[in-house]
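# Observations on the model geometry
Here is how the chains run, residue by residue.
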Amino acid sequence: MRSSITMLFLISTLLLSALSLADGVREVEGVLGEGEISFKQDGYEIFFSTFNTSFVAPKVAKAYGIVRSKSKALVNISVLKDNDGGKPQPVNAKVTGQSYDLILTKKLDFFEVREQHAIYYLAQFDIEHKIPFYFTVNVIPEGETRPIKVQFKKILWVDGKD
């Protein structure tokens, strides 16, 4: 039963994705899987990851207003632009998104973190133990007008369970 619901959700997500393509949204084909961490499209490489906030050092969490908890996670997005003959460079972007489980949809509120040679966009959210989360993230790199739509799935664990 659960796999039927998951399959129905994935099919409807892909159908909605196809419809949004007609609105000028560039997107990755399908839903990216567990092992993938980035993709390249239109001269940009978008990296994404999710992890439990209890892994964030207390000093770093305090500096960025991150709540450290076994039942909270962060989604991390970074955008690099290909250069002619050089290494990719981080670029500013507007990042928005949502996370879904089988019942709830939650808006992701991204904030920017700048380091010497990197720009990260982070959003914190609550997690349930071993529940698949589906993410839809829209990235508009600086100087672009159309979003690049990224969809991926992650299964997260509440730290210390099992």
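The following refers to the structure shown. Keep in mind the model is a prediction, meaning the values are calculated, not measured. (Residues numbered from 1 in each chain as written. Predicted model: local features only at pLDDT ≥ 70, side-chain atom pairs only at ≥ 80, totals over all residues. Heavy atoms only, no water.)

Here we come to the overall build of the protein chain. Broken down by element type, the protein chain carries two helices and 11 strands. Every one of the 162 residues in the protein chain was classed for burial, and the buried ones make up 41%. Across the protein chain, every contact between residues at least 6 apart in sequence was considered, and the portion connecting residues at least 24 apart equals 61%. In the structure as shown, the protein chain presents an accessible area of about 9400 Å², 56% of it carried by carbon and sulfur atoms. (Helix = DSSP H or I, 4+ residues; strand = E, 2+ residues; numbered from the N terminus. Buried < 20%, exposed > 50% of the residue type's maximum accessible area, 1.4 Å probe, protein only. Contact = heavy atoms within 4.5 Å. Areas by Shrake-Rupley, 256 points an atom, 1.4 Å probe, with all protein chains shown as cover.)

Looking at where glutamine 151 falls in the secondary structure, it is placed in strand β11 (residues 148-156). At a separation of 3.5 Å, a polar atom in the side chain of glutamine 151 contacts the side chain of threonine 136. (Polar contact = N/O pair within 3.5 Å; in protein donor to acceptor, adjacent residues only side chain to side chain.)

A ring pair, where both rings are aromatic, is described by two values, the distance of the centres and the angle of the planes. The tally for this structure, following the rule as stated, stands at five aromatic pairs. Relative to phenylalanine 152, the ring of phenylalanine 135 lies with its centre 4.8 Å away and its plane at 20 degrees, an arrangement referred to as stacked. Pair noted here: phenylalanine 135 is in strand β10 (residues 131-141) and phenylalanine 152 is in strand β11, with a separation of 17 residues, a long-range link. Of the two residues, phenylalanine 135 and phenylalanine 152, both sit in the buried class. In textbook terms, an aromatic cluster arises when at least three aromatic residues are bridged by ring pairs, as seen for Phe48, Phe125, Phe133, Phe135 and Phe152. (Phe/Tyr/Trp six-rings, centres within 6.5 Å; stacked < 30°, edge-to-face > 60°.)

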